[in-house]
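Breakdown of the fold
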Amino acid sequence: MRSTLAPPVPPAPRPTGATSTALPHCSRPSQPPPAQERPLSPHRSTRLPGAGAHAAAPVATPERLNSATPGAAEATLLTCCGSLRWARRVAAHRPYPDLDALLAACDEAAYDLSPADLAEALAREPLDPPVSRPEAPRVTYSAAHTALRAAHAAYESRFGHTFVICLDEVAPEEALDHLLSGLRSRLGNDPEEERAVAADELRRLARGRLTRLTLRHAAENAADGATGPRRPASYPDSPYVPV
């Protein structure tokens, strides 16, 4: 099928995986760019004062992204979504008070992607998202990947771009079947409908990548400030999209 802050070296590297749940219903289709760039809404924390008092962990704050230079922030954001306009808009509205505010900006910028922005982001997506299912018998696994390659070829021939799907919330043992069933079902979409579905999958992929990036940075910052022997940081991550 057609992350750590990085130095501002364009173009940014492609994200290395595709990841999430069953196919979502896209709420808003891609629209052409407005005549004048619409500023993103002010993004505030959605948590009420004291709401986190009983939480298991503190709210993750995107400190590294907030403090990075514009070029470095854009390069990092491009590893989450390949649209340069999207990355510039999200970077331009820093600082974000917490992860919720960052994800709200991510969503809003994604909803405003033009057809050209969407094509640019799709072109940066990995051609073959890694999906492993080690418990499956070798013959079954090979047969599934053969079917997957055929479905990929049919999809790209029909729509002219790589297939993207978010698998973040799908169990590892179900990922391959979910990917294959998604491909087959979406082959029946018309091109306009499929662009809307692909745009929403990209939005969800960007949310997952930004979340893992922020949580990783928060874990690394906590480890840097801890006393005693340093242990490797542990944080929730997806097996499909290493960032």
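Once a new chain begins, its residue numbering starts again from 1 and follows that chain's sequence as written. Under the rules for a predicted model, residues below a pLDDT of 70 receive no local features and side-chain atom pairs below 80 are neither given nor counted, while totals for whole chains, interfaces and linings still include all residues. The side-chain numbers reported here are obtained from all heavy atoms of the structure, hydrogens and water having been left aside.

**Digging into the overall build of the protein**
- A helix here means a DSSP run of H or I that spans at least four residues, while a strand means a run of E at least two residues long, and both kinds are numbered starting from the N terminus. Of the regular secondary structure elements, the protein holds 8 helices and 0 strands.
- Seen in sequence order, the protein has helices and strands lined up from the N terminus as α-α-α-α-α-α-α-α.
- Categorising residues by exposure relies on relative accessible area from a 1.4 Å probe, with only protein chains included: less than 20% of the type maximum marks a residue as buried, more than 50% marks it as exposed, and the intermediate range marks it as partly exposed. Sorting the 243 residues of the protein into buried and exposed places 46% on the buried side.
- A total accessible area of about 12300 Å² is found for the protein, and carbon and sulfur atoms account for 57% of it. Throughout, the Shrake-Rupley method with a 1.4 Å probe supplies accessible areas, and for residues the shown protein chains are the sole cover considered.

**Some thoughts on the confidence of the model for the protein**
- Confidence of the predictor at the level of single residues is captured by pLDDT, which takes values from 0 to 100. On average, residues of the protein score 74 in pLDDT, and 61% of them reach the 70 mark or higher.
- Per-element confidence in the protein ranges from a low mean pLDDT of 81 for helix α6 (residues 138-159) to a high of 97 for helix α3 (residues 84-92).
- Between two residues, a contact is recorded if the distance between any of their heavy atoms is within 4.5 Å. Note on residues 1-14: pLDDT is under 50 here. Beyond four places in sequence and across chains, it has 47 contacts.
- For residues 228-243, every residue scores under 50 in pLDDT, and the model assigns this stretch 39 contacts once sequence neighbours within four places are set aside.

**Some remarks on the packing of helix α2 (residues 70-78) against α3**
- Put simply, α2 and α3 touch, their axes get as near as 9 Å, and they point 130° apart. Of the possible angle classes, the one that applies to α2 and α3 is oblique. Note that α2 runs across α3; the crossing there is right-handed. Facing α2, whose interface residues are Ala73, Glu74, Leu77 and Leu78, α3 presents Leu84, Trp86, Ala87, Arg88, Val90 and Ala91.
- Here the residues of the contact of α2 with α3 sort into 8 nonpolar, no polar and 2 charged. To define axes, lines are fitted to C-alpha atoms, for helices over the stretch in contact only, and angles between the resulting N-to-C directions are given on a 0 to 180 degree scale. Angle categories: roughly parallel below 35 degrees, roughly antiparallel above 145, roughly perpendicular from 65 to 115, and oblique for all the rest. Definitions for this section: a left-handed crossing has its near helix turned counterclockwise from the far helix by less than a right angle. A right-handed crossing has that turn clockwise. For this classification, Asp, Glu, Lys and Arg are treated as charged, while Ala, Val, Leu, Ile, Met, Phe, Trp, Tyr, Cys and Pro are nonpolar and the rest, including Gly, are polar.

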